[in-house]
Structure formats: C-alpha cells, structure tokens
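These are the residues of each chain, in order.
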Amino acid sequence: MLVLSRVDLAVTAFSLILFSSLYLIKRRSALNALRGPRASSYLLGHEHDLRTKRVDEVLFQWSKEYGTAYKLPGCFGENVLVISDPRAIHRVLQESLQDYPEAADLRRLIKMIFGRGVLWVKGEDHKRHRRVLSPAFSMDHMRQFLPLFQSHVNYLSEKWDNALQGKSQTIDVIPWLHKMTLDIVGESAFNYHFDALEGKPNELTKALYDIEKLGEDSSPTITLAQAIMRYIPESVSSWQGDHFPMSTEKVIKRYLRLSTERAREVLKEAGLYLDHRTVDNGNDGAPAIGTGREKDILSILVRANWVEDPRKRLSEEEILAQMSTLIQAGHHTTGYTLSWILYELAAHPEDQAKVYEEIKQLRERNPEGFTSSEYDSMNHFTLVIKEALRFRPVVPTLEREASKDDVLPLEFPIFCKDGKRIEAVPIGKGQRIKVDISTYNRLQNIWGEDANSWNPKRFEVIDSSTKTKTQVGLFANLLTFSGGPKGCIG
Ligand code: HEM
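Residues numbered from 1 in each chain as written. Predicted model: local features only at pLDDT ≥ 70, side-chain atom pairs only at ≥ 80, totals over all residues. Heavy atoms only, no water.

The chain has the name Cytochrome P450 in an unreviewed UniProt entry, where Marasmius oreades is given as its organism. Annotation of the chain in UniProt includes, under Cofactor (unreviewed entry), the sentence "heme". Listed under Subcellular location (unreviewed entry) in UniProt, the entry text for the chain is "Membrane". (UniProt positions renumbered as here; feature names shortened; annotations may be inferred.)

Here is the structure:
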C-alpha cells in the first residue's frame, strides 16, 4: 500500500494550489482588456446572483452597460466570458462546435442525470446519436402525434372547465401545463403513461420531482460546492460518486435508474429488442423504420439503429439513456413556453382576440381537430408564438468551455476598458463562456428599436429581411432552441 509522508502531502497540496492559481491567472489575463461588472465577493463572484435572481433581467442590465461581449466574475476570481454577439455565438455553436463543448463540470452533471444520451455525447459520437434519432423527429413523423397532442389539450381544458364550474377564479396554470407536457412527452417518446394530469402516483414522476426540488436550494454553499467541482478531476469525482455518493447524487441516480428500467419495460412490451434480434412486424425479423405497431420515438429509434452500420449503432446503454434525456429536455421547456404564451395573450387582449377569432373560424370548418396545415394557416397565432419564444426564452443561457486558444470574431464591435474598439475577442484554453440567449433575442440591431417590447408583428417584416449578417437560431433566427448541430432536436 502506498503511504504518503507529510512532506509528500505538503508538496502535493502546494503544487495543486500553484497550478490552480496559474491556471486561473492565465484564464483571467486573456480577458483583461474587457469591461464587465465588478464582484462584491471574491468567493462567489456574480455566480450566486445568477442562481438566485431573475437571470434575464440581470443579463439585460449588464449587456446594456458593457455590450454584447463582456467579462463576468465567477467564483474564486474566475472570469467568465458572456456573449450575445451573433458572430461570436455562431463560432461557438456552429463553426467550431468541436472546440466548444459544455464545461466539464456541467458534462459531469448531464451524465449523472441523463446518462450517455445525445445531450452528453460530443464530437463523432454526437453525430452518431443525432443520425439515429433524426428519423423519429422528422416533420412527417411529428405530424402523426397531432391527435395525441390534441386529446391531451382537450383533457386539460375539461379539467379547467370543471375546476372553474362557470365561476371566475384564479387557476395556477403552470403546474397543469407541466403535467400535460409530461404526459405528452411520455406517450410520444416512449408510449409510456405517466398519467400526471390524472394525478396517478408514479415512482418515476416522483423521482423526477425529487430532482427538481434539489434546484430549490439557493444557499451560497451550493454555489461554492458546484464551483469547487470544476477543480476536481473527473476520475476522482466519478470514484467518489460510485463509492460514496452524496444525498443529492443518490436522488439523481435513482431517477436515471428508474427511467432506464421503464424504457426497457416499454421496449419489451412492444416486442422490440435492443440487440437487433427480431421484431413483431410480420417481416421475418427484418427491421422496418416507421412501421410496425409502435410509433413512439424510442421504438422508431430502435428500428433506425438496426439498419445503421453496425460500427455506428448506439449501444443498449446509449439507447436507454435517451429516455431520461427526452423526458427532461422536453417536459419543462415546453411547459414553461406554453405558460408564457398564455401569459402574453392574457397581457395583450388585442392579440388574444385575433388568435381566438382564428381558432373559432377553423373550428367552424373542422370541429374534429386541426391538421398541421390548418395550424400553419393561423397567421396571427404563428406571429404570437414566435414573439413569445423570442421574448421569453425558457433556457436563458448555455455554458460552454474553450478546448483550445481561439479568437472569437464579433459582428458588433465592443469598447475595451482603455476605450479601444475591438472586433474580436482573444480567449485562452479553458475559458468558460456563457451564451446569453435572452439578450441575443432582444438585440435592437437584429430585432428592431422596440426589441424590448412585445410586438408579434415584427416577424412580418423580419422574416423577409433579417437585419443580421449571421444567422444563428434554428427557428426564425431565434436562439431559443440554441443553434447548430447541438441545437434542440424536439
Ligand atoms: C419550447 C420547448 C423547447 C425549448 C425552448 C428547447 C430548448 C432547447 C435548447 C436551448 C437546447 C440546447 C441545449 C444545450 O445545447 O445545452 C435543446 C436541446 C435539446 N432538446 Fe430541446 N427545447 C424544447 C423542447 C424539446 C422537446 C419537446 C424535446 C423532445 C421531446 C427536446 C429535446 C431536446 C434534445 C434531445 C436536446 C439535445 C440535442 C443535442 O444535444 O444534440 N426539446 N433544447
């Protein structure tokens, strides 16, 4: 057994401190020239503010003062680069995607919660996951889910009608919408019935809510603990997680275990095997994408995996990890977005009246339920949805880390501390970057002078002649669904 003397320990501790300090100083120096807010605490920087305050409002304020690229003090004096400039964002999310993975501590958390699914993998592995997932997310396949979406919406409105019983009273719509989206994601993604709107007890739902409760702890200790994890090597934290998991890790692991078990059960019930053996499709075991009994995303994914080049197929663990990924990635994002759309319609009765009229006219023609082209024909509703996505993006920032030295080009030049105007920001390896979605979605240079106000009509003009040279967003040039190859698949 290896025994370390006091001197060994002292030298090791000293080296660690020295290297960490040099590392931090290097990271800091690359951004020295940039402006940015001052931190009142060396330990917490502004990281704790971002966890406890309204992120978008804080970021709007800073970008107004410092422009579309500035430095932000993080924990332990680290400088984080915040960008809302389209050209810089394009480089990070698209042009040099492989050089800007998620920060290592975030990747560790993603792996723990979602497993080795599409959100966690990077590089060639990521391309492999996306290729196998894409048939299940094609527009044609999504259209098949319309009746499912409509039946859940009808069920929710019945519930609201019953709750109101003709009386005027207040309903907190957010939890209801989250239950509905959980039911929809469960059924469309895995043919799995959470029955959350029914209020049925479900072990997996409980595990999911237990994870969400972890995020409610807003003490500075949690902020610091998360920051310390950045300096602990992956091998050490994995070993600790496997052998001495903390209570939070136990909660997270339980969710991943349950979601994997459920995914396995669902596939077994559908007669689908992960190891390319056979399928109950009356076709001599030959795989058939998009045919067979089950149309849910997981089943389509399994079939798509069979016809993939065997060297590029997803492993069993990778397939099962998609369940935990899709539940988490699709459920709250959609629930909060629907909540914001309803909020903005309530706050703007003139838009509400127009949308109501469009729905009424379609209902008169087709009382059974709308087709996808009928949805597309609701012009004002489409404008309202785009504006709500722009104005209220539910994922306000993305975290990335430079894996090598680089220079980020800017579309909109910024001014440094010494008054110098620069058109690019040099950054060092290991630089943490915050892609500021909320601010990008409100840049006046792109969205017009009134970018900070609600105005769905802006999209009538912007769609035909966008004001920016660089397109970053997946939909309507909005950053709400991120951009590039790692942008939202759902
Ligand atoms: C309004 C609703 C939604 C919003 C605003 C949204 C937003 C986003 C954003 C910003 C990302 C990028 C995350 C990152 O790079 O760190 C993302 C990725 C992703 N989203 Fe969504 N999302 C929504 C709905 C959905 C739905 C319904 C699903 C599936 C059921 C889904 C599945 C995914 C997946 C799998 C990824 C990871 C993609 C990859 O890494 O290649 N999302 N989403």
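Now that the structure has been shown, we can carry on.
Engineer: Please clarify how the sheet that holds strand β1 (residues 69-73) should be interpreted in this entry.
Structural biologist: With mixed pairing, four strands are arranged side by side in an open sheet as β1-β2-β6-β3. A strand with exactly one partner marks an edge of an open sheet, and here the two such strands are β1 and β3 (397-401). For this sheet, the mean angle separating the axes of adjacent strands, direction not counted, is 30°. Pairing analysis gives five bridges linking β3 to strand β6 (residues 432-436), with the strands arranged antiparallel. Looking at the pairing, Glu399 lines up with Lys434 of β6. Along the sheet, helix α3 (residues 55-66) contacts β1, β2 (79-83), β3 and β6; its crossing angle with β1, the most-contacted strand, is approximately 125°. (Pairing = 2+ DSSP bridges. Helix = DSSP H or I, 4+ residues; strand = E, 2+ residues; numbered from the N terminus. Axes fitted to C-alpha atoms, helices over the stretch in contact; angles between N-to-C directions. Contact = heavy atoms within 4.5 Å.)

Engineer: Could you clarify how one ought to interpret helix α12 (residues 234-243) in this entry?
Structural biologist: Since there are 3.6 residues in each turn of an α-helix, residues three or four apart along the chain are aligned in direction. If you check which residues of α12 are buried, you get Ser237, Gln240 and Gly241. End-on view of α12: buried residues confined to an arc of 100°, all on one side of the axis. Exposed residues lying more than 90 degrees from the buried face of α12 are Ser235 and Asp242. Turning to α12, the residues buried within the fold contact α5 (104-114), α11 (220-229) and α13 (247-269). (Buried < 20%, exposed > 50% of the residue type's maximum accessible area, 1.4 Å probe, protein only. Arc of directions from axis to C-beta.)

Engineer: Can you help me understand the packing of helix α10 (residues 203-214) against helix α15 (residues 316-347) in this one?
Structural biologist: For any two helices packed against each other, the geometry is given by the interaxial angle and the distance between the axes. At a closest axis distance of 13 Å, the pairing of α10 and α15 adopts a crossing angle of 65°. Along this stretch, α10 crosses α15, giving a crossing that reads as right-handed. When α10 is examined against α15, the residues Leu204, Leu208, Ile211 and Glu212 are found in contact with a partner set consisting of Met323, Ile327, Gln328, His331 and His332. Grouping the constituent residues of the contact of α10 with α15 by class yields five nonpolar, three polar and one charged. (Left-handed = near helix turned anticlockwise from the far one by under 90°. Nonpolar A, V, L, I, M, F, W, Y, C, P; charged D, E, K, R; others polar.)

Engineer: Which parts of the structure should I look at to understand the coordination of the iron atom of the ligand?
Structural biologist: The reference angle at a metal is 109.5 degrees if four donors form a tetrahedron and 90 or 180 degrees if six donors form an octahedron. Exactly one protein atom donates to the iron atom of the ligand; that atom is Cys488 (SG), 2.3 Å from the metal. Checked against the element boundaries, Cys488 lands in the segment after α21 (458-462). (Donors = N, O, S within 2.8 Å, 3.2 Å for Na, K, Ca; no water.)

Engineer: Help me out: how do you make sense of the UniProt feature "binding site: heme" (unreviewed entry) in the chain in this one?
Structural biologist: Under the feature "binding site: heme" (unreviewed entry), the UniProt entry names Cys488. Of the residues examined, Cys488 reaches a relative accessible area of 39% and is grouped as partly exposed.

Engineer: Would you mind showing me how to read the site of the ligand here?
Structural biologist: Around the ligand lies a shell of 22 residues, among which His126, Arg130, Arg400, Lys486 and Cys488 are the nearest. Take Arg130: an N or O atom from its side chain is 2.7 Å from an oxygen atom of the ligand. At the level of secondary structure, the elements contributing two or more residues to the shell around the ligand comprise α6 (123-133), α15 and β3. For the shell around the ligand, the leading source of residues is α15, giving six residues. Residues belonging to the shell around the ligand are distributed by class as follows: 10 nonpolar, nine polar and three charged. When we break the shell around the ligand down by domain, the ones giving at least three residues each are domain 1 (6-102 + 402-486) and domain 2 (134-347). (Near = heavy atom within 4 Å. Polar contact = N/O pair within 3.5 Å; in protein donor to acceptor, adjacent residues only side chain to side chain. Domains from an automatic or database assignment.)

Engineer: Just to check I follow, could you spell out the pattern of salt bridges for this structure?
Structural biologist: Pairing is possible between side chains of opposite charge, provided their charged atoms come close. Across all of its chains, the model carries 39 salt bridges by this definition. Measuring nitrogen to oxygen at the nearest pair gives 2.6 Å for the salt bridge that ties Arg91 to Glu95. With Arg91 and Glu95 both in helix α4 (residues 86-95) and four residues apart, the pair spans about one turn of that helix. Since its relative accessible area comes to 17%, Arg91 is described here as buried. A relative accessible area of 37% places Glu95 in the partly exposed class. In this structure, Glu399 and Lys434 form a salt bridge, with 2.8 Å as the shortest nitrogen-oxygen distance. Here Glu399 is found in strand β3, whereas its partner Lys434 is found in strand β6, with 35 residues between them in sequence. The pair Glu399 / Lys434 is uniform in exposure class, with both members buried. Several salt bridges share partner residues, and in doing so they unite Glu47, Glu78, Asp105, Arg230, Glu401 and Arg432 into one network. (Salt bridge = Lys/Arg side-chain N within 4 Å of Asp/Glu carboxyl O.)

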